[in-house]
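Commentary on secondary and tertiary structure
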Amino acid sequence: MLAGPLVALILAGGSPLEPARADDSAPADAIGAPASLAVEPAEFLLSGRRATAQLIASATDPDGSLRDLTRLVEWTSLDPSVAVVDARGRVTPVGDGEARIVASGGSVQAEALVRVEKMAEPSPVSFRHDVIPALSQASCNMGACHGTPTGKGGFRLSLRGYLPDEDYKTLSREIAGRRVDPFDPDRSLMLTKPLGLIAHEGGQRLFRDTKTFEFLRDWIAEGVKDDPSSPAAVSLEISPGDRVLNAPARTQQISARVSYADGSVRDVTPICYYDSSNTDIAEVDPSGFVTFKKRGEVAIIAHYLDLVATVRLTHLVEVPGFAEVPVPRDNLVDRAVFAKLNRMRIAPSEPSTDEEFIRRVYLDTIGVLPTPEETKAFLDNPSPTRYEEVVEQLIERPEFNDFWALKFADVLRSNSRLIKSKGAYAFHRWIRSQLEQNRPLDAFVRDLLTADGSTFDNPAANYYRISRTPEEAVETTAQLFLGVRIQCAKCHNHPFERWTQDDYYGFAAFFSRVRQKQGLLPDEEIIFATDSGDVRQPRTGQVMPPKALGGPVFADDQSEADRPDRLAEWLTSEDNDFFAKSTVNRIWYHLMGKGIVDPVDDFRDSNPASNDELLDGLADDFVASGYDLRHLVRTILTSRTYRLSARANELNADDEVYFSHAVTKLLPAEVLLDAISTVTDVPTSFSGLPANAPAITIPDGQMDHPFLKTFGRPARELACECERESDSNLSQALQLIGGATVHDKLRADGGRMHRLAESGKSSAEITAELYAIALSRPPTDTELQAAVAHIDGSEDRRQAIEDLGWVLINSKEFLFRH
């Protein structure tokens, strides 16, 4: 019975009678002079000969900071007849009893108490609790391997083991049992291929000196048994918890423990599989050892069966020249952002110029350029509250409603292909009217989710004309109002997150009684609810009661058809923080150019917020304001953070997530077209809209315009911000350089270029006017001299002025929000 653990110990490079150290060549100064050392868990139980436990040794330095010394300290078991410990802090049982495990490093040491029991009892491998996780840990059942729907090489497993019944049949019954051979386990294809002993397209996935190999081999040797009645795994916990690592520390061992329905707890560190939220910053190996490559934050995610647990780790380095900046206290945005920048040792950029600010705030808030008169009035205003004053003016302008109606209509998919032309116009008018009334956004969403009746008389009902099935409604509602992309869970448990098929179809039950029928008028539909209609989980066939994502199961009265009402009540309640957080994150994204959680509609454990204090603070304030959109916009726009320059400095040039400088981004298609129309003073005509109507008021996503299409205007087929393209490309350059839209506007008779050429104004006056209109600033001396020289030296004055307009329209300063 002792042979297995002793052999494992020797293979790991240690002896039960000698101290074990992960790296005997590690210099003494790597441990340094910590004030104290602690081992966790301080007490633990190993039950049965297969149990192991990963210990973590943490040093506290004199300044209070923590360091992981798990692979630097010397590990010793004071009673190797009970348990032994290897060089990496992994404890293996030997015999029943108690033993103390000691970690020694420099002048400090700490110990943990292990109790071992049931070593004389059988300890069979569990198919459900050992084999399935082992296959996941080896990546055999991942989506790129045998977990794909069609499998690989004729061998198909369920994705990350979400269908253990089918996996058991596949492994034990298919191809005449050749995958598993209980009479000669080492000849089983299940071992020889991933070990690399015979050709395997996936390469070597299995290694002999691991628990993964032990469980797979011994399960085969024990007769390939299933254990469907084994207690369910109910929770997973990661140690040591969130931690900051100050350089030179850059590694951290983690451990994972699972709790089962029968009350037992077990260390599963070696058979979990792990992910890092950003592998450019830090990587994690199969043993749960995290190594940072550079400064930053990551979430390390541990997976065991369908359980997920995360820990947030931050790595900080000394930055020469960095000095903390004062943290403003009068704005919750600045309080959170500047405090985070100080913690991460990132210096904020200098404030933007007033010319940059006025152009930026107009484009971000109402989607139009400020007029030269508006710019001058702001620049001439000596009041210290001029920033707050201009924001207040902008959020009350009618263009605010036009611009934000465009944003909401995009993700609500207002287009004539889905809801016909009349429906698209009616839906857009309804959205804009809600914004004009400053309707609280929780009420706005409740109106959408509970809407019924005619899609003409009650345009909010178009929500269910677009999302026609429970599945479509699930995915749209989760992504729009909870920030959760749950599509994966439709076919299987989510491979990387906590959402399961039960979650998906439980949420779908809220929409299972919503119906559509043809109305009396052409293209009209009637949305109504019935008191019958259920959703069945496709794998189990079980009728699913309505269940909120991450929330409660709702008791159902079959005589009532109020499921959407109950969903709307829960979704917008203070008990559900998904709604407030996803909403403020979306608004932040539109104003700041990048989400606090990014992508903006992808909230998940493996995609953490860049600033939890900022996200939580904005969400709490949003709820306290009564879900007031204008209040939220005002809070963000009046912050010092919003006014930071887009010019990075040497201390923040590599920051892409903490908002130390403004984001530079291409203007949205409609805003850019309107801006070009403003510079040239030649409006664009749109079918079905009044003359001179700006592009930001187009109600129908199917309205075709070559310029708008080229610059990424979405067709509104997806409930995702990602459908609107924001990256520049060659087609856009060709449109700007030689496209008909820009060319015709610059050369239009009666347009601004024509009038300036006929105005009698000097070349300098013309240049200054065009710069003020296009860039909200005067030209520099160099720019002025070059423009005047070009205009005065040209035989065709009008064409020279058109050239200047073309140069400004094609400049990065004009094309980008900065």
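For the structure itself, consult the block above.
Quick look at the structure, then. Counting restarts for each chain: residues are numbered from 1 in the order of the written sequence. Thresholds applied to this predicted model are a pLDDT of at least 70 for local features of residues and 80 or more for the giving and counting of side-chain atom pairs; totals over whole chains, interfaces and linings are not thresholded and use all residues. Side-chain numbers here rest on the full set of heavy atoms in the structure, without hydrogens or water.

**Thoughts on the overall build of the chain**
The criterion, for reference: Only DSSP runs of H or I reaching four residues or more are called helices, and only runs of E reaching two or more are called strands; each is numbered from the N terminus. Any pair of residues with heavy atoms lying within 4.5 Å of one another is described as a contacting pair. The Shrake-Rupley method, run with a 1.4 Å probe, gives the accessible areas here. Residue values count only the displayed protein chains as cover. The sign given to each residue is positive for Lys and Arg and negative for Asp and Glu; His and the chain ends receive no count. For the purpose of locating charges, the reference atoms are NZ of Lys, CZ of Arg, CG of Asp and CD of Glu.
Within the chain, the secondary structure is distributed over 28 helices and 26 strands. Across the chain, contacts joining residues at least 24 apart in sequence account for 63% of those joining residues at least 6 apart. Surface summary for the chain: the accessible area is close to 34300 Å², and the carbon and sulfur share equals 51%. Counting 89 positive and 123 negative side-chain charges, the chain places the centres of these two groups 4 Å from one another.

**Topic: the sheet that holds strand S9 (residues 90–93)**
Where we set the bar: Whether two strands pair comes down to DSSP finding at least two bridges between them.
As summarised here, the arrangement of the three strands in space is S4-S9-S8, forming an open sheet in which the pairing is antiparallel. The strands lining the two open edges of the sheet, one partner per strand, are strand S4 (53–54) and strand S8 (83–85). Alignment of S4 against S9, held across two bridges, turns out to be antiparallel. In the sheet register, Ala53 faces S9, and the bridge partner there is Val91.

**Some remarks on the packing of aromatic side chains**
The condition is simple: Geometry of aromatic contacts follows a simple scheme: Phe, Tyr and Trp rings, the Trp one being its six-membered ring, pair when their centres are within 6.5 Å, and the pair is stacked under 30 degrees between planes, edge-to-face over 60, tilted otherwise. Buried, partly exposed and exposed residues are distinguished by accessible area as a fraction of the type maximum, computed with a 1.4 Å probe on protein chains only: under 20%, between the cut-offs, and over 50%, respectively.
A complete count under the given rule lists 24 aromatic pairs for this structure. Plain terms: the ring middles of Phe579 and Tyr627 are 5.8 Å apart, the flat faces sit at 40° to each other, and that makes the pair tilted. Residue Phe579 is found in helix H17 (residues 577–592), and its partner Tyr627 is found in the loop between helix H18 (612–624) and helix H19 (629–637); the two are separated by 48 residues along the sequence. Of the residues examined, Phe579 reaches a relative accessible area of 1% and is grouped as buried. Judged by relative accessible area, Tyr627 falls into the buried class, the value being 6%. In textbook terms, an aromatic cluster arises when at least three aromatic residues are bridged by ring pairs, as seen for Tyr463, Tyr464, Phe481, Phe507, Phe510, Phe511 and Phe554.

**Brief notes about the nonpolar core**
Basically, it comes down to this: Residues belong to a common nonpolar core when they are buried Ala, Val, Leu, Ile, Met, Phe, Trp, Tyr or Cys residues joined through side-chain atoms within 4.5 Å.
The biggest cluster of nonpolar side chains holds 142 residues, and the ones touching the most others in it are Leu412, Ile431, Phe481, Trp588, Leu618 and Phe814. Beyond its immediate sequence surroundings of up to four residues, Leu412 is in contact with Phe427, Ile431, Phe444, Leu448, Tyr463, Ile466, Leu480 and Phe481. Membership of the second largest hydrophobic core comes to 49 residues, among which are Val131, Leu216, Ala256 and Val298.

**Observations regarding the sheet that holds strand S15 (residues 255–260)**
Strands belonging to one sheet form pairs held by backbone hydrogen bonds; the direction of such a pair is parallel or antiparallel. Defined as follows: Helix axes are fitted only over the stretch in contact, all axes being lines through C-alpha atoms; the angle between N-to-C directions runs from 0 to 180 degrees.
Reading across from one edge, S12-S15-S16 is the order of the three strands in this open sheet, with antiparallel pairing throughout. Edge positions in the sheet fall to strand S12 (233–239) and strand S16 (265–267), since each of these pairs with one other strand and no more. Within the sheet, the average angular offset between the axes of one strand and its neighbour, ignoring direction, is 25°. Looking at chain direction, S12 and S15 are connected through six bridges and run antiparallel. If you follow Glu237 over to S15, its bridge partner there is Arg257.

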